[in-house]
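Working through the structure, step by step
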Amino acid sequence: MPKNHTYVLGINAYDHDVSACLLRDGEIAYAIEKERITRQKHAGGFFQEVVDYCLQAEGITLDDVDLVVRNCYVLPVEDLEVRMIYQGDMIDRERAQATKSPLYLPKSNKVMTVSHHLAHAYSAFAVCPFDEGVVMVVDGVGSYSSDIKEPGQLTEGVNPLARESESYYKFKGSKLETLKKVWLQPCRGLLSDEFFHMEGLGALYSRVSCYIFADWNKCGEVMGLAPYGRPNSFRPLLELKDGKLRVPEWDVEFNRPWTPGDDKKWEASPAMKHWEDVAWRVQDDTEKVLIERARWLRETTGAKNLCIAGGVALNCVANGCIVREAGFDNVWIQPAAGDNGIAIGCAYYGHLAIQKRTRTFVMKHALLGVDYKDNDVRNAANRLLLSRKTFNGPGRSICSETAKLLSEGNVFGWFQGGSEFGPRALGNRSILADPRRAEMKDKLNKRVKFRQAFRPFAPIVRYERAKDIFVGEDESPFMLRAKHVRAEWKDRIPAIVHVDGTARVQTVRREHNERMYDLLTEFEKLTGVPLLVNTSFNIKGEPIVETPRDAVNCFLYTGIDYLALHDMLVSKNVLYKIFSPFVKVYHEAMVRPRDATD
Ligand SMILES: [Fe+2]
């Protein structure tokens with residue numbers, strides 16, 4: 001049968017946040033992270049599951065794919081694969097998969113690799129809504145300079161062991177030009193993920209994350225802790241002079257790291273005030289440097305439009321500062337700004353730079369997973385402990401029923417359409433609640449999320465009403481910018497206002513998520529409030545739910561009151577009340593042990 005489409009597959013391979021993205025004729029058909037399938041957060045390793053997911057969703061095989069582009073920030077992928085044969089870095093099951101896969105040590109010239117920051121840059125500009133502009137990529141650590149083989153990447157005269165820290169580009173149409181790169185100079189280290197003495201923005205932030213949470217990948221928690229710190233009570237951790245960044249050495253003042261084996265709970269540590277002050281400082285330093293970098297980019301190019309990618313772009317507070325203070329007319333941030341988004345960048349590098357196609361696609365939403373069938377949903381909910389009722393008639397819809405129950409103080413699991421690609425739940429795999437109730441934050445933490453009390457919950461709001469409640473006209477479809485809550489609204493929606501008076505807003509247009517928009521409309525009809533508390537549909541330490549079965553399991557094992565699965569309202573029945581202690585014990589026995597800050 002003749003093939004009707006051109007397919008390009010992008011893969012973020014091996015180290016962490018393994019993911020795949022399939023382009024069909026230059027448009028994103030599907031994208032998925034491995035953690036959603038394997039249920040291991042930030043899953044690394046071989047990429048069989050994510051490739052299979054995309055191909056099966058599209059109904060094609062690898063033979064139908066015209067080009068595969070891969071990246072791993074550690075080393076060029078083929079180089080890494082050669083080492084993996086000898087070094088035993090793969091679990092046995094994945095080694096067996098890999099050795100049978102045509103994508104492991106590939107012989108075909110339709111499989112290639114691209115350097116790390118270039119992939120981040122393509123993940124942003126290739127799918128942004130602007131014809132021209134500039135791109136800012138900032139992350140923890142990227143490719144070694146000696147591994148960057150694409151032309152024009154400004155590697156001449158750079159130490160071969162220096163690694164990417166910041167990269168700046170300009171683009172017009174489908175063409176990207178590199179303007180400046182900031183390198184992490186080689187440094188000696190004890191462990192590969194400690195970021196010790198790496199003089200870079202993202203590296204420093206991750207180092208603080210290691211210090212406070214014993215995990216380099218808790219930068220979001222550091223950002224949430226920062227407003228509790230005392231301004232300027234700690235010396236600067238970053239110095240910027242004539243565009244050059246310096247990270248002064250840490251000495252005895254950093255003698256209170258969190259150690260997971262500590263008897264005390266993280267929240268009860270006597271070092272808490274110190275951690276809050278350090279978090280305040282690193283956040284403030286980061287914002288200042290990013291604003292200065294963004295201003296430099298605007299002034300040297302005259303650009304009006306800015307795109308951002310790289311893990312540091314997940315810092316929604318800093319993004320809010322850039323939007324307000326850097327002077328760009330428009331700012332677009334790749335929702336999968338971390339290394340999961342590398343899969344999108346790899347795919348578009350293949351489409352634009354290798355296949356020489358032109359840009360036609362704009363990523364208006366991040367709902368890139370499989371849209372499960374109603375039958376799958378019904379089967380998943382067909383459990384002895386559950387009651388089900390479908391609402392699809394005129395007058396009573398799943399949206400109106402859910403809005404009513406939310407307004408009465410119930411917590412909802414909300415499962416609709418394809419899953420979100422990237423770290424945020426954006427209205428298809430969400431836990432929802434009433435923002436008017438101050439106690440809702442505690443209720444969500446005690447019954448479902450089990451997160452540290454300092455972490456805020458975010459609002460999801462109808463786009464047209466956002467400017468009435470939050471300061472600033474700009475759209476925030478991916479929950480990637482913090483906005484100040486207007487004074488007259490702070491007391492009306494206490495569940496989503498952070499200690500510094502901001503909220504991590506997601507705005508929704510009807511054309512991008514009709515059912516969520518209609519739910520918000522119904523909730524406003526009942527309450528006068530066009531927004532809801534929106535947090536990711538998962539338990540602490542676990543990835544966001546992917547399948548209807550994942551959603552039902554999470555519903556059963558937590559204190560969520562109701563579950564909306566497509567147009568079906570699911571509740572726990574009388575039998576659940578009898579058996580719930582056993583359900584809880586079963587779940588505790590099944591889930592992996594988690595550390596104190598997970
Ligand atoms: Fe990265």
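The rules behind the values
Residues numbered from 1 in each chain as written. Predicted model: local features only at pLDDT ≥ 70, side-chain atom pairs only at ≥ 80, totals over all residues. Domains from an automatic or database assignment. Contact = placed C-beta atoms within 7 Å. Helix = DSSP H or I, 4+ residues; strand = E, 2+ residues; numbered from the N terminus. Nonpolar A, V, L, I, M, F, W, Y, C, P; charged D, E, K, R; others polar. Core = buried A, V, L, I, M, F, W, Y, C linked by C-beta atoms within 7 Å. Buried ≥ 20, exposed ≤ 12 C-beta atoms within 10 Å, placed from the backbone. Axes fitted to C-alpha atoms, helices over the stretch in contact; angles between N-to-C directions. Parallel < 35°, antiparallel > 145°, perpendicular 65-115°, else oblique. Left-handed = near helix turned anticlockwise from the far one by under 90°. Pairing = 2+ DSSP bridges.

So, about the domain arrangement of the protein. Looking at the assigned domains, one finds that the protein contains domain 1 (7–114), domain 2 (132–333) and domain 3 (374–590). Here the C-alpha centroids of domain 1 and domain 3 sit 32 Å apart. Facing seven residues of domain 1, the contacting portion of domain 3 comprises seven residues. Listed by contribution, the elements that provide at least two residues to the side of domain 1 that touches domain 3 are strand E3 (27–33) and helix H1 (34–38). Tallying contributions element by element places H1 first for the side of domain 1 that touches domain 3, with three residues. For the side of domain 1 that touches domain 3, the per-class residue count stands at three nonpolar, no polar and four charged.

What follows covers the nonpolar core. Of all hydrophobic cores here, the largest spans 181 residues; its most connected members are Leu9 and Ala20. For this core, the leading source of residues is helix H8 (residues 272–301), giving nine residues. Those residues in contact with Ala20 that sit more than four places away from it in its chain are Leu9, Gly10, Ile11, Ala31, Ile32, Phe47, Val50, Val51, Cys54 and Ala343.

Here the focus is the packing of helix H6 (residues 201–213) against H8. Two elements in contact, H6 and H8, have axes whose closest approach is 11 Å; the angle formed by their N-to-C orientations is 170°. Relative to H8, the element H6 lies roughly antiparallel. Counted together, Leu201, Leu204, Tyr205, Val208, Tyr211 and Ile212 of H6 and Trp275, Val278, Ala279, Val282, Thr286 and Val289 of H8 form the full contact between these two elements.

Glycine aside, a negative phi is what most residues show, and trans is what most peptide bonds show. Located in the positive-phi region is Ala214, a residue other than glycine, with phi close to 60°. Secondary-structure assignment places Ala214 in the loop between H6 and helix H7 (219–225). Taking the C-beta count within 10 Å as the criterion, Ala214 has 18 such neighbours and is therefore assigned partly exposed. A positive phi angle, close to 55°, is found at Met479, a residue other than glycine. Inspection of the secondary structure puts Met479 in the loop between helix H14 (463–469) and strand E17 (481–484). For Met479, a count of 27 C-beta atoms within 10 Å puts it in the buried group.

So, about the packing of H8 against helix H9 (residues 316–325). At a minimum axis distance of 9 Å, the contact between H8 and H9 shows a crossing angle of 35°. Helix-helix and strand crossings are classified by hand; for H8 and H9 the assignment is right-handed. Contacts between H8 and H9 involve Gln283, Thr286, Glu287, Leu290, Ile291 and Ala294 on the former and, on the latter, Val317, Ala318, Cys321, Ile322 and Glu325. Split into classes, the residues belonging to the contact of H8 with H9 amount to seven nonpolar, two polar and two charged.

Taken together, nine strands build an open sheet; the order of strands is E13-E21-E20-E14-E15-E19-E16-E18-E17 and the sheet is mixed. Strands at the two margins of the open sheet, each flanked by one partner only, are strand E13 (386–390) and E17. Between one strand axis and the next, the sheet turns through 35° on average, direction left out of account. As defined by bridge partners, strand E16 (residues 458–462) adjoins strand E18 (residues 502–508) across three bridges and the pair is classed as parallel. Within E18, the position partnered with Arg462 by the bridge is Val508. Contacting strand E14 (412–415), strand E15 (429–433), strand E19 (531–536), strand E20 (562–565) and strand E21 (568–572), helix H12 (residues 398–407) runs over the sheet at an angle of about 160° to E20.

A few words now on the sheet that holds strand E4 (residues 67–71). Overall, mixed pairing links the five strands, which are arranged E3-E2-E1-E4-E5 in an open sheet. Of all strands in the sheet, those bounded by a partner on one side alone are E3 and strand E5 (111–113). Across the sheet, the mean angle separating the axes of adjacent strands is 20° when strand polarity is ignored. The sheet contact formed by E4 and E5 spans three bridges and is parallel. In the sheet register, Arg70 faces E5, and the bridge partner there is Thr113.

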